[in-house]
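Breakdown of the fold
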Amino acid sequence: MSFTAITILGGRGMLGSDLAAVAAGRGLSVRVYDLPEFDVTDEAQVEEVVSQSEVVINCAAYTNVEKAESHVELANQVNGYAVGRLGLIASGLNVPVVHISTDFVFDGATHAPYRETDATNPLSVYGGSKLLGETLLVESGCDHCIVRIQWTYGRHGTHFISKITEAAKTRDVLTVVDDQVGSPTHTAEIAKVVIDLLEMGSFPAGIYHCAASGYASRYEMTRYLFEQLGIATKVQPCKTSDFKTAARRPLNSRFDCTKLQTLLGRAMLSWQDMLKNYLETL
Ligand SMILES: NC(=O)c1ccc[n+]([C@@H]2O[C@H](COP(=O)([O-])OP(=O)(O)OC[C@H]3O[C@@H](n4cnc5c(N)ncnc54)[C@H](OP(=O)(O)O)[C@@H]3O)[C@@H](O)[C@H]2O)c1
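Quick caveat: nothing in here was measured; it's all calculated off a predicted structure.

1. Focus on the overall build of the protein
Within the protein one finds ten helices and twelve strands. Relative to a compact globule of 282 residues, whose C-alpha radius of gyration would be 19 Å, the protein shows 18 Å and is just as compact. The C-alpha extent of the protein, read off along each of the three principal axes, is 55 × 40 × 35 Å. The buried share of the protein, taken over its 282 residues, is 45%. Restricting the contact set of the protein to residue pairs at least 6 apart, pairs at least 24 apart contribute 82%.

2. Re the site of the ligand
Taken together, 26 residues lie near the ligand, and Gly 10, Gly 13, Met 14, Ala 60 and Thr 102 sit nearest. Of all the secondary structure elements, the ones that give two or more residues to the shell around the ligand are helix H1 (14-25) and strand E4 (97-102). At three residues, the largest contribution of residues to the shell around the ligand is made by H1. Along the lines of polarity and charge, the residues of the shell around the ligand split into 13 nonpolar, nine polar and four charged.

3. Some details on the sheet that holds strand E3 (residues 56-58)
Sheet architecture is open: six strands sit in the order E2-E1-E3-E4-E5-E10, paired in parallel fashion. The open sheet has two edge strands with one neighbour each: strand E2 (29-33) and strand E10 (206-209). For this sheet, the mean angle separating the axes of adjacent strands, direction not counted, is 20°. Relative to E4, E3 runs parallel, the two sharing three bridges. Each bridged residue has a counterpart across the sheet, and for Val 56 the counterpart in E4 is Val 97. Of the strands in this sheet, strand E1 (5-9), E2, E3 and E4 touch H1, which is tilted by about 165° from E2. Here helix H4 (residues 72-93) sits on the sheet and contacts E3, E4 and strand E5 (144-149); the angle it forms with E4, its principal contact strand, is near 160°.

4. Digging into the nonpolar core
Counting residues in hydrophobic clusters, the biggest one holds 74 residues, and the most contacted among them are Leu 19, Cys 59, Val 147, Val 194 and Cys 210. Residue contributions to this core peak at seven residues, all from H4. Those residues in contact with Cys 59 that sit more than four places away from it in its chain are Ile 8, Leu 9, Gly 10, Gly 11, Gly 13, Leu 15, Gly 16, Leu 19 and Ile 100.

5. Digging into H4
Each full turn of the α-helix corresponds to 3.6 residues, which orients residues three or four apart in the same direction. With 22 residues, H4 extends 30 Å from end C-alpha to end C-alpha; this agrees with the ideal 32 Å at 1.5 Å per step. Where H4 bends most, the angle comes to about 35°, and this point is Val 78. Turning to H4, its buried residues number three or more, namely Ala 75, Asn 76, Val 78, Asn 79, Gly 80, Ala 82, Val 83, Arg 85, Leu 86, Gly 87, Ile 89 and Ala 90. The inward-facing, buried residues of H4 contact helix H2 (43-51), E3, helix H3 (65-68), E4, helix H5 (125-140) and E5.

6. Digging into the environment of Ile 190
Along the polypeptide, Ile 190 turns up in helix H7 (residues 187-198). Classification of Ile 190 as buried rests on a count of 24 C-beta atoms within 10 Å. In sequence terms Ile 190 and Arg 171 are 19 residues apart; their C-alpha atoms lie 32 Å from each other.

7. Thoughts on unusual backbone geometry
Between Leu 35 and Pro 36 the backbone carries a cis peptide bond, its omega angle lying at 5°. Within the secondary structure, Pro 36 is located in the loop between E2 and H2. Positioned with a positive phi, Asn 94 is a non-glycine residue whose angle comes to about 60°. Residue class for Asn 94 comes out exposed when judged on the 8 C-beta atoms lying within 10 Å of it. Located in the positive-phi region is Trp 151, a residue other than glycine, with phi close to 50°. Relative to the assigned elements, Trp 151 resides in the loop between E5 and strand E6 (152-153). Classification of Trp 151 by C-beta neighbours within 10 Å gives buried; the count is 25.

Scoring rules and cut-offs
Residues numbered from 1 in each chain as written. Predicted model: local features only at pLDDT ≥ 70, side-chain atom pairs only at ≥ 80, totals over all residues. Helix = DSSP H or I, 4+ residues; strand = E, 2+ residues; numbered from the N terminus. Rg over C-alpha atoms; globule rule 2.2 N^0.38 Å. Buried ≥ 20, exposed ≤ 12 C-beta atoms within 10 Å, placed from the backbone. Contact = placed C-beta atoms within 7 Å. Near = placed C-beta within 6 Å. Nonpolar A, V, L, I, M, F, W, Y, C, P; charged D, E, K, R; others polar. Pairing = 2+ DSSP bridges. Axes fitted to C-alpha atoms, helices over the stretch in contact; angles between N-to-C directions. Core = buried A, V, L, I, M, F, W, Y, C linked by C-beta atoms within 7 Å. Expected span 1.5 Å × (residues − 1). Bend = angle between axes of the 7 residues up to and from the residue.

So, in structure tokens, the structure goes:
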């Protein structure tokens, strides 16, 4: 199965924008749908869009992890039930769905990188709503590919890297947690992987973990970032428990990406090279 056109829901968000650019660059016809004119919780709108699609990539999501703690219903509707309905509609119309999910489906309590088959146990409302979406999509019976991503940054969004760089402008010292570990990953590189998957010939059904190679704590990542940018602000390590946040976050967000690497025949760049390349584009 090779595609000539892709439909991106949530296509003006951070990942969706990069997906649209990469797909267009590969000569694919791209249709983008997003708020305010398209709402993924509107069944009739979803039906109309899916009926005109060869393949749907769902990036639409309620992504404010902190606010989700007090907006449980909205998070579950957008990240959970809407994904289930999308799956049922896609199943009826025989349209495959690529759905983007997250490391927040895990509790981060293990000490090894997470594999796709590991038990889920979300700590937050956001994580629970994303797991609900995964579950309902699988149950819908549509052809689906779930790509779990984590610690992303990109040109079209606000993220850890943009926030910490901004904070450094007014601070001599910043404290950053050293007990959350993951792989900072550029959304443009995730976009290349997703389009590679769609260009493989047969639809890559199943769940895949997708992240830059290598791991770092938030503290290590910040030090590397400041070194690259020549920022003099001092970085001091602290613990997640030092900060009071509404949502709990997994400490271990590391992914084992062997399944994806085997399918694609390549690993993603190291998180350091990826970050360096990204900074050069700014
Ligand atoms: N950012 C991360 O670190 C990260 C990590 C792991 C997984 N993910 C997942 O990656 C995917 C893409 O997220 P992102 O980082 O690109 O976030 P994003 O920039 O917030 O993109 C999400 C997009 O979905 C739109 N949206 C929200 N509610 C919608 C609705 N009801 N109907 C239609 N569109 C709606 C948003 O519009 P508005 O901006 O107008 O709300 C936004 O354009 C999501 O599935 C997210 O859960 C992200």
